[in-house]
Structures are given as C-alpha cells and as structure tokens.
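# Coordinate analysis (summary)
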Amino acid sequence: MKKIILLIIICHALVFMATAQTTIGIPAIKNYTHTDYNASTEVWDVKQDRNGILYFANNDGLLTFDGSYWKIYPLPNKGTIKALAIDPEGKIFVGGQDEIGYFFPDANGILKYHSIKHLMPQKARQFADIWSIVLFKNEVFFRTIECVFEYNNNEIKTFDAPGGWRLLSKAGSQLFAEDKDEGLVFFKDHQWQLCHAQLPTASLHITGVMDYNRDTVLLTTLKQGLFLFTGSTLIKKPTAIDPILQNDLVNCAKKIGDDRYAIGTKARGLIIIDGKGNVVERFSNNEGLQNNNVLGLLLDRDKNLWLGLESGIDFINYNTSVKRIYANKDNQLKSNAVSVFNNKLFIGTSNGLYSVPLDARQTDISNTKGVFTEVENTKGQVWSLREINHNLLVGHEDGALVVDNNRVKQITNREGAWRFVPIPSSPDIIAGTYTGLQLIKNNGNDFKADVKMDALYESLPTLAKDNDDHVIWASHSYRGVYKIQLSADRRKIIRYTQYTDRNGLPSVLNNHVYFIRGKILAATEKGVYEYNVHQNRFEPSPFYKPVFDNSYVEYLTADSTGNIWFISDQRVGVVDFSKPSGGKPYTVIYFPELAGQTVKGAGYIYPYNKENIFIGSNNGVFHLNYRQYVQSETKLNVLLTTVKAIAEKDSLIFGGYFMKDNDVAGVQGKKQIVTLSNHWNSFHFEYSSTLFAQKSNEEFSYKLEGFDNEWSKWSVKTEKDYTNLPYGRYTFSVRVRNNLGNASAPVSYTFVVDPAWYQTIWAYLFYLLLVICAIYLAMKEQQKRFDLHQQKHEEEQRRLSYLHSLELDRNEKEIMALKNNNLESELNYKNKELATITMHLVERGRILLNIREELVAAIKKVNMPDLTHEFRNVFKLVTDTEKKDDDWNHFAIYFDQVHNNFLSIMKTRFPGLSPTDLKLCAYLRLNLTSKEIAQLMNISLKGVEISRYRVRKKLGLATEVNLYAFLIDITK
C-alpha cells in the first residue's frame, strides 16, 4: 500500500513538473531597494496615471516614480498607505488609519493632499487601515476590515459587514466584495447583494476577482486554488500550480493579457498562467526577485510588470525583445557557444553542454517551455559549437566532440579544440587546437582524427576560411594573424605567413580573423582591417571605418541576410543593410540593454534568424528578437517633472503636472505661466521618460528659448541648471530619443522673469526723463562752456593776432633789415664801384696832369720853344681827354642807382644847377676831399672853393648849414 501511495506521489510530481514548465527566456528584472526610493521597504499597491508616472502605496506615504526621480508625499498624520486608485480626472485616492482623501496637483502642478474625512458620518471617522480602493462607475469605494466607504458627489456612505470585509475588487461590469461570514457579494442598486452559488464562498477566502471570458470571472483564493464563477455557478478550476496554491498564500491577482493571469504569492513569488491553468512563467528569487512575497502588482501601459514586495519594488521587463536564458538556473555559468540543431537548443557553458527541446510552434525560441538537461560526458569548458555536414561539433577543453542525441562522441583527445572550419570541396574539417591545426576526416557517418600539422605549434582559437581550399587563416591573441598554406591533401603545412604590426596591423595583440562578404578581415583594438591581396598586407577597411573608427572590435559575424553583427567596446550592435540611412546603404543599431554583458575578450553572437539572436555572457545567454525589437511601436514620451527657482534657497514652482481648467492636461495652460521677480533668476529643471523598459536607450536634448539658440547635444543627463538669467519670457523644452533614432515630441514649460524695479517701463521712462534733463543741463553747461571757450578763443585769437602782428612786424623788420642789409651791401658794393671809378678818374686825372707837367717841364728843360708848338696837339688831346663826358655819364648812372636818384632829384629840385655844379654835389656826397675834387674836375683847389660857394648860393643855404649834411638828407 505504501508503494502504491509513493508511486501516486511520484506520478503526481512528474505531471506537475511537466505542466509547470516555464519559458526558457527570462526577461530582465530591475530591483529597486528602499535605499533607492528612500522610503519604507514594504510596497502594498502600484498604479500608473495617464502620463505614465507610477504611484506606490508605502508605509511612509504616497511614493511616485517618473523613471528618474523618486518622491514621497506623506499623509497629514504620517499614516501608512496600503491602497491606491486614480480616477479619470487624475485624482489619486489614498487612505490610511483615520484618514482618506486624494492627492491632486495645485495650480503650479505640485501634488497636494485633500482630505475628505470630514464628509464621513461622525461615528465612522475612526477606522483602521484601508486595504482596497476601487473606482466603480462614478464612485470611489474604500475598504477597511470593518467598513466599506462609498464616495460620490461629495458624500460618503458606509457599509458594515457582519464578519468583516476581506475583498473589494472589480471584474467586468461588476463590483465584488467578500464578507467573512456571508461570502462573495456584488454591488447593485446602491447596496451589496449576495452571490448565490452552488458552493459556499465564505470558507474560500477569496483574494482576487479577474475577468475570464464573457460573464465568467476567475477567482483566486488564499489557499484553495482557482475557481470559475458565472451566474450562480462556482466551479473549481484545476491548474498546474494547485500544489503551490494549496501550500502558499495568494496575496493578489490580475489579468495581464488575453490569456495571461498573474498571481502574486506570499512565498513563491509571481506565477503567470494561461487560461487553461498551465504555467507560462514564474518569477522568484531564482529569477532575480528581491523576495518572494508579492503584495501588489501592476501591468503598466507598455505591458511590463511592476511588483510591490515585502521588501522593495521590482520591475519585470515583460514586454521585451531581450531575454536571458540560463542553461543551468542553479549554477548560472558563462555561456559562449549556442547552436540550434535537430530541433534542440544547445548551449555550451564553462561547465558542460546543455540542451532543451524546441517547440516548433514558437518562432521566438525564448518562448519555448522546457527544462535544460546536461549532455552526457561534456563536463568542462565548451569553447564552440558548429554544425558541419549535418553534424554538431563541439570544441571542448578535452578535444573535439560530436553530438549524438543527448550525448557526445570523442573525436580527438590529445588536446583541447577551439573551433572548426569545413572544406567546401571536401568532407574534411580543420580544427584549431591548443597546439596548432588538426585535420579531421569525415566518411559521412563518422569523424576520425587524422594527422596533426606540426609545422605551426601555436594555440589558434580563431579560424577563417577564404575561397582558396588550401588556405586557412588563423589568429593568436598575442602573435598576430597567420595565413597558412596547406598541401593538396591538407595533411601538411607547406608554409605560413605571420602578419603583425610590420604588415599593417596596429598591434600583435587581440586580433581576430574573419571571412565576411568576400574579404578577410581582422578585428583589432583599432577598428577593422582588411587583407589587401596585391600588397600582401593588412590596411584599415574603408567600409568599416565609418562604423567603428578606431574602436576596439572584439567580434564580427554575418547573418543569413548579410547583416553584420558585432561586439565593439563591450557594446553589441548590428550593421543592418535593410535600413539605409544618412546616404549610407546601412544603419548601425546598438543595443544598450546588452552593453557590458558580453564575455570580455571572448565575445560571441549567434544570429540564427531575425527572431532569434543569441549573445554569450558571463551569466547565461541573452536572446534578442531582432524583428520585434526594430518593429516596436512603443510611443516615446518625455516628462518635465520639476522646475525650481533658485536664490538663497530653492523654491518649487512646477511639480510635474500641467493644469488646465482645474484638470490635469498634457500641455501647460496659460494660467500656469508663472511670473517671478528678478531675484529668482536661476533655475533647475528635472525631466524624465516613463519608458521604464528603455532607460538604457534614452537620450535627452533640451533648449531654453529666449536664451539658447539651438538644441543641446543628446545626453543621458536628466537635469539642467540655468543661472543668472536676464529678465524676459522663457520656454524650456525637452525631448527624448531611443537607440533606434526615434524621437518624441518636446514638452515645454514657459515662465517669465520680471525685470527689477530699475528695469521696468516706468523706470525706463524715469531714466529717459533723467537723460533728457541731463542732456538739457549738459547742453546748457556745454553752451556755457562753449561761450567761455568762444570767449577764450576770441581772446586767444586776439592774442594770437597780436602775436601774429608782432611776428609780422618782427618779420617785416627782419625783412626790412635783410633788405637794408642787402641794400647796404649793394650800396657798399656800388659805393665800392663808385669809389673805384672815382679813384680811377682821379688817378687818370693825376696821371694826365703829371704827363702834362712832365711835358711842360721837358720842354722847358730842353729850352726849345718850337717843341711847344709841336706838342700843342698832345696838350690838346690830354685836355680833350680830361673834358670827355663818357666817364661822367657812366659815373652818374651808378651814382643815381646807389644814392636814390640823387642827381635826378637835384636836377628836379634845383634846375639852376649846372652840370659842373651837379658834379661837385656828387663828389661832395661821396665825401671826397677838395684835392680829389680838383683833380676830378681838373681845376685848382681855389676853383673848388669857388664852386662850393657858388653851389651853396644856388641851393640857398645859410652859412651855418653844412653842405655835406644837406646833400645827405636830400634823398631821405
């Protein structure tokens, strides 16, 4: 009998395991601890408003999360909030001990609490915790253990329960509640009515009511599993999780899809089942939850799950294209080899090879349900998996293996095998091993290790095959790239060429060789290099240069459509040739969700098809549904959550909610435009996006119109400060984009900074008046200065004129002096000439007189009277010479020039003067002696005196008048 019971238990366990299998792909789980949100650990309920902001019921109050910032809003009495509800107007209804009401933004978009406790009957104002809040039609229902409150039109009604209310929930068009004594009831005609059922419901302790189909609802109970309820029929629904539900408490339940139901348990985490009761997925500590006590759950508008836990908050990226697959959940191993073979998924790990059967109905392999099993005899490091000639080969630390069902056969056992390359024209296979190349023969049914090629004794973890059947390319992590020429039978290495930094590569370190799109490529620490056949060297690839530039490229592979998948600087991406952009025949897409997740230095990507891309990691394998990823239609949104004005201390002027006509709106209303004094001229802006599943993909760009001329560069920063803004009207705008290049519409906030009192229009008018007065006074002052200056100028002019006249006089005198000097010089010169002429005349007269006297003396001496007659002509000639007037005329001309026309003036004034008199006057003017005059005039000294007397008489001079002085003054 005991054996029979044991057999039944084993069979039941096997059936449970078969039906309780979950999908192999696990979405990413993000944990938020109480230190992240800075509030109490317990989170009882979760809701989301139409802007995407999340609200959590917490022991410390209302907790909000906008994707970047957490905020806490306590109740007035600091009570615990255990339930939430948000109505269409945006009111957030909450309750705590002895307190109910709602949070709603004020005119500045700042959440404020509004109590409605005063609307309650006086006797009902003391109550314990509110455990449920439900919106039903236009009413709000609050549940405590003792009472249900109905709030409608500023009126609150109360409903007591005989045994105590244990449930309040809405399903379909009905509002349900459960009384401990009477069981399940529903609200109709403003009262609670019993749900008459074939089975008693009071003993079930119903914990959740969900839509099932049509008029049928699905009930969850505390310990007795699931039931279907329709009309008056209550039916037990068997499920694969009955053993769990019978031993664990169900805290909450929610329908999360057309055929999906989420059940939060007290000790087993979250279980998701389909309509048939089969387990679809399960999330617990093993899958990444912080703890297994799920108090509340929410399916957000992006179809992702939020869990309120006994300790913390967890976000399950349920609607995701990226999942993680663990070959061994109990020992999460490094997994860097994947292959789909014979309708199984094989994953090679650091401690063995694992496989799981695939469901042919699932195009997305991560949705396959199953349990991985270890392939026999594969303990140890698996380096690679490669399907060749309809066989799956395993590169293992123990050598080359081939998979046979769920076990392996050994091909080589001398040393570890890295990777394999097939020979297209032959069934032969080349393996890269720890010590060089190994030839493996394939006769169609079996593999056999052949000769070891000893010419190149190097560990060759990367192999590539070009179009030459007798050439193998290989790379060594520390020695560069090798081009290996094989013999015709591929049993020997004829020669090999080593390519290092001397042959074009940037370094001998960390080079990986590949054959992609007809070219031999080397992924290096400085980008991608390609082999130039003609130059027999490597050079930077012109095609890959715009993609990678000089980044470290760790891995390259091409999928069946020609797209190139890569790992560069620990970032996973794809060069997608089906999406030309920016004038290029491709688009480069990165996957931020996978950044830093690959095995450093040994990256791996297995692009099976567009729905199934596998990426190796240190903990399991990542699965990417690329088709779903690029077709995601999740609408990007951005929120401006906080605006603070900054002076001596911060002042919150916008709390994140736009208001219009006392309703939450999508854009800022005119009444919400604040005007601040010039004292508040520095501002702090916080912004975020509620695309919680894409936090690693988000980048923001902002602009302050009125200050910035252009949008800022894209950045992951979620805050911006502006300081010392001048007065004016400003509009701060921010937008978000994801890694696919999609950008949201901007959200904007306008505010005004008033000018200081000295910058107002009245101040400017006053300034203008002051300026006018100042200009007037300045003009007056300037006029005074001008007049004074003019006066000074005139005085200066007079002074200058006087000085000028003095200067002119001085100059004139100098000129006159110069002229006088010139005249005096000329006069002296002419006087010299006159003196010379006069002396000449005197000398000539003297000589003639001497000649005459000598002749007379000679005649007398010889005493020859007859000679006197003979020399008569001579004497006559001398006499005529003395009387000749040519010399006088010449003298008279010079004399008049020198002595201001003296002779002419004398002739004019004294016409009675004879020529002889004029000569005498001229000689007297020259101050000649009487003797000199006698010689010149050829008269005696007595004759000179007589002539002087005669001239004085003609001139009418008195005796006391000096004749010389008179002649001197005659020309002045």
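Here goes a summary of the coordinates provided. (Residues numbered from 1 in each chain as written. Predicted model: local features only at pLDDT ≥ 70, side-chain atom pairs only at ≥ 80, totals over all residues. Heavy atoms only, no water.)

## Some details on the packing of aromatic side chains
Summed over all chains, the structure comprises 67 aromatic pairs. Ring centres 5.5 Å apart and planes at 55 degrees place the aromatic pair Phe93 and Tyr102 in the tilted group. Aromatic side chains Tyr764 and Tyr767 sit 5.8 Å apart centroid to centroid with 80 degrees between the ring planes, which places their arrangement in the edge-to-face category. Taken together, the residues Tyr764 and Tyr767, both in helix 6 (residues 761-862) and three residues apart, mark about one turn of the helix. The ring centre of Tyr590 lies 4.0 Å from the NZ or CZ of Arg571, which sits over that ring. Positioned above the aromatic ring of Tyr722, the side-chain terminus of Lys720 is 5.1 Å from the ring centre. (Phe/Tyr/Trp six-rings, centres within 6.5 Å; stacked < 30°, edge-to-face > 60°. Helix = DSSP H or I, 4+ residues; strand = E, 2+ residues; numbered from the N terminus. Lys NZ or Arg CZ within 6 Å of the ring centre and 35° of its normal.)

## Here's the deal with helix 12 (residues 930-937)
Buried within helix 12 we find Ile933, Ala934, Leu936 and Met937. Projected down its long axis, helix 12 shows its buried positions confined to an angular sector of 165 degrees, all on one face. The first or second residue beyond helix 12 is Asn938, which carries a positive phi of 60 degrees. (Buried < 20%, exposed > 50% of the residue type's maximum accessible area, 1.4 Å probe, protein only. Arc of directions from axis to C-beta.)

## Quick word on the pattern of salt bridges
Here the structure, examined in full by the defined rule, presents 24 salt bridges. For Lys236, the salt bridge goes to Asp242, with nearest N and O atoms at 3.7 Å. Owing to a relative accessible area of 32%, Lys236 belongs among the partly exposed residues under this scheme. A salt bridge links Asp259 to Arg260, with the nearest nitrogen and oxygen atoms 3.9 Å apart. What makes Asp259 partly exposed here is its relative accessible area of 36%. Exposure remark for Arg260: the relative accessible area of 29% places this residue in the partly exposed category. (Salt bridge = Lys/Arg side-chain N within 4 Å of Asp/Glu carboxyl O.)

## Considerations on the pairing of strand 43 (residues 462-465)
Where burial is concerned, the two faces of strand 43 agree: the one with Thr462 and Ala464 and the one with Leu463 and Lys465 are both buried. Relative to strand 44 (residues 471-476), strand 43 runs antiparallel, the two sharing four bridges. Bridge pairing in strand 44 links Thr462 to Ser475. In this structure, the hairpin formed by strand 43 and strand 44 is closed by a connection of five residues. (Pairing = 2+ DSSP bridges.)

## Digging into the sheet that holds strand 26 (residues 279-283)
The antiparallel open sheet is built from four strands, whose spatial order is 23-24-25-26. Sheet topology places strand 23 (250-257) and strand 26 at the edges, where each strand pairs with a single neighbour. Between one strand axis and the next, the sheet turns by 20 degrees as a mean value, whatever way the strands run. (Axes fitted to C-alpha atoms, helices over the stretch in contact; angles between N-to-C directions.)

## Considerations on the packing of helix 11 (residues 915-925) against helix 12
Interaxial distance between helix 11 and helix 12 falls to 10 Å at its minimum, and their mutual angle equals 145 degrees. Viewed along their axes, helix 11 and helix 12 form a crossing whose handedness is right-handed. Between helix 11 and helix 12, the contacting residues are Thr916, Leu920, Tyr923 and Leu924 on the first element and Ile933, Leu936 and Met937 on the second. (Left-handed = near helix turned anticlockwise from the far one by under 90°. Contact = heavy atoms within 4.5 Å.)

## A closer look at the pairing of strand 19 (residues 206-213)
Summarising burial for strand 19: six of the eight residues are buried, a large majority. Where strand 19 meets strand 20 (residues 216-221), six bridges bridge the pair, whose relative direction is antiparallel. Directly across from Gly208, in strand 20, lies its bridge partner Thr220. The antiparallel hairpin formed by strand 19 and strand 20 contains two residues in its connecting segment, where Arg214 sits at a positive phi of about 50 degrees.

## As for the side chain of Glu530
Mapped onto the fold, Glu530 is located in strand 49 (residues 527-532). You can call Glu530 buried: its relative accessible area is 11%. Polar contacts involving the side chain of Glu530 include one to the side chain of Ser541, which spans 3.0 Å. Setting aside anything within four residues of it in sequence, one finds Glu530 in contact with Lys519, Ile520, Leu521, Arg537, Phe538, Glu539, Ser541 and Pro542. (Polar contact = N/O pair within 3.5 Å; in protein donor to acceptor, adjacent residues only side chain to side chain.)

## Quick look at the sheet that holds strand 49
Paired through backbone hydrogen bonds, the strands of a sheet run either parallel or antiparallel to each other. Strands sit in the order 47-48-49-50 across an open sheet of four strands; the sheet is antiparallel. Two strands bound the open sheet, and with one partner strand each, they are strand 47 (512-516) and strand 50 (537-540). Neighbour-to-neighbour, the strand axes of the sheet open up by a mean angle of 35 degrees, direction not taken into account. Relative to strand 50, strand 49 runs antiparallel, the two being bridged by four bridges. Of the residues in strand 50, the one forming a bridge with Glu530 is Glu539.

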